[in-house]
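Here is how the chains run, residue by residue.
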Amino acid sequence: MNESQLAFIVLYLIYIAVTVLFHNTCFAYPFRLLTTFLHEISHALACWLSCGSVRAIRVFNNEGGVTQYVGGCRVLIIPAGYVGSAMWGSLFVMFSGGKRTATGVAGTLVGLLLISLCYAPNRTMVLLNMGYAVVTSIFIYIEWTVFSPILNYVVLFYGAFVGIHAIFDTYQDTIRRTVLRSDAYACYEQCPCCLPKCVGIQWGLLNVALQIFGVWVALMQMSDKCQDQGWWDCIVSDNWDLNAEKLWEWEEQTASKARDWVG
């Protein structure tokens, strides 16, 4: 483990501790609203991807939200909220390690914040989106013209808080209790073979896995092997040790051992 990886892990753990300790305080309120926005925009993105039409995206000051849409694939749109917000948390963590990657994901966030204002937003969402768009844009400007690194720390905090809050939210709303108007219950109505709490457990496990995956990829990017490679080059290189030949050899060895054991 090199110094960059160690610093990343320490900072990530500090952010997790801050998130857990101050989760229900006024300090965390704007970040909880950001997670709600990412939940709703994920519904909207799933709707657009399945050829639906979004009519309104709104975030309320009680940390609730709603996305009104017509058409699209409900089986894709319904789980996109809780899973989508966790996915955004994973992406923020994943891309926080580099200057260009952090700028890219931060710029994407700013773009979504501004685009969503075209869909009948309420007052809370206008204030939230404009505030985050301005603040995040300022950090991007500082990163490239005044001082670096700083955007990396901001994006990593976004990722840690959004990821942990998405897990906590999934537990509170879909596993600990059953809410008739929740996404998990709506998913149950689409697929009655899976009870709402079972749906919530699946989402919760997936959300935890996404956060772990984000940390893993970020650490991979900071490894010595990836120092002289771009982000994509590192991902598709043999650093992952997942090439087909090795997998095939492993399967043959496992099958041979199994035959010897049976014999």
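Up top you'll find the structure we're talking about.
A few points on the structure. Predicted model, so just to flag it, every value in this text is computed and none were measured.

A separate point is the side chain of histidine 39. Here histidine 39 lies in helix H2 (residues 29-49). Overall, the relative accessible area of 10% leaves histidine 39 in the buried class. In this structure the side chain of histidine 39 is engaged in a polar contact, spanning 3.1 Å, whose partner is the side chain of histidine 43. Contact partners of histidine 39, with chain neighbours within four places excluded, come to Gly81, Tyr82, Ser85 and Asp183.

One pass over the structure, following the stated rule, counts 14 aromatic pairs. Geometrically, the ring pair formed by tyrosine 15 and phenylalanine 157 is edge-to-face, given 5.1 Å between the ring centres and 80 degrees between the ring planes. Pair noted here: tyrosine 15 is in helix H1 (residues 3-21) and phenylalanine 157 is in helix H7 (residues 151-175), with a separation of 142 residues, a long-range link. Residues tyrosine 15 and phenylalanine 157 agree in their burial class; the two are buried.

Our next topic: the environment of asparagine 152. Mapped onto the elements, asparagine 152 comes out in helix H7. Considering only alpha carbons, one finds asparagine 152 and serine 96, 56 residues apart in sequence, at a separation of 4.9 Å. Ignoring anything within four residues of it in the chain, the contact list for asparagine 152 reads Ser96, Gly97, Gly98, Lys99, Ala102 and Glu143. Polar side-chain contacts of asparagine 152 include one of 2.9 Å to the backbone oxygen of serine 96.

Thresholds applied
- Residues numbered from 1 in each chain as written.
- Predicted model: local features only at pLDDT ≥ 70, side-chain atom pairs only at ≥ 80, totals over all residues.
- Heavy atoms only, no water.
- Helix = DSSP H or I, 4+ residues; strand = E, 2+ residues; numbered from the N terminus.
- Buried < 20%, exposed > 50% of the residue type's maximum accessible area, 1.4 Å probe, protein only.
- Polar contact = N/O pair within 3.5 Å; in protein donor to acceptor, adjacent residues only side chain to side chain.
- Contact = heavy atoms within 4.5 Å.
- Phe/Tyr/Trp six-rings, centres within 6.5 Å; stacked < 30°, edge-to-face > 60°.

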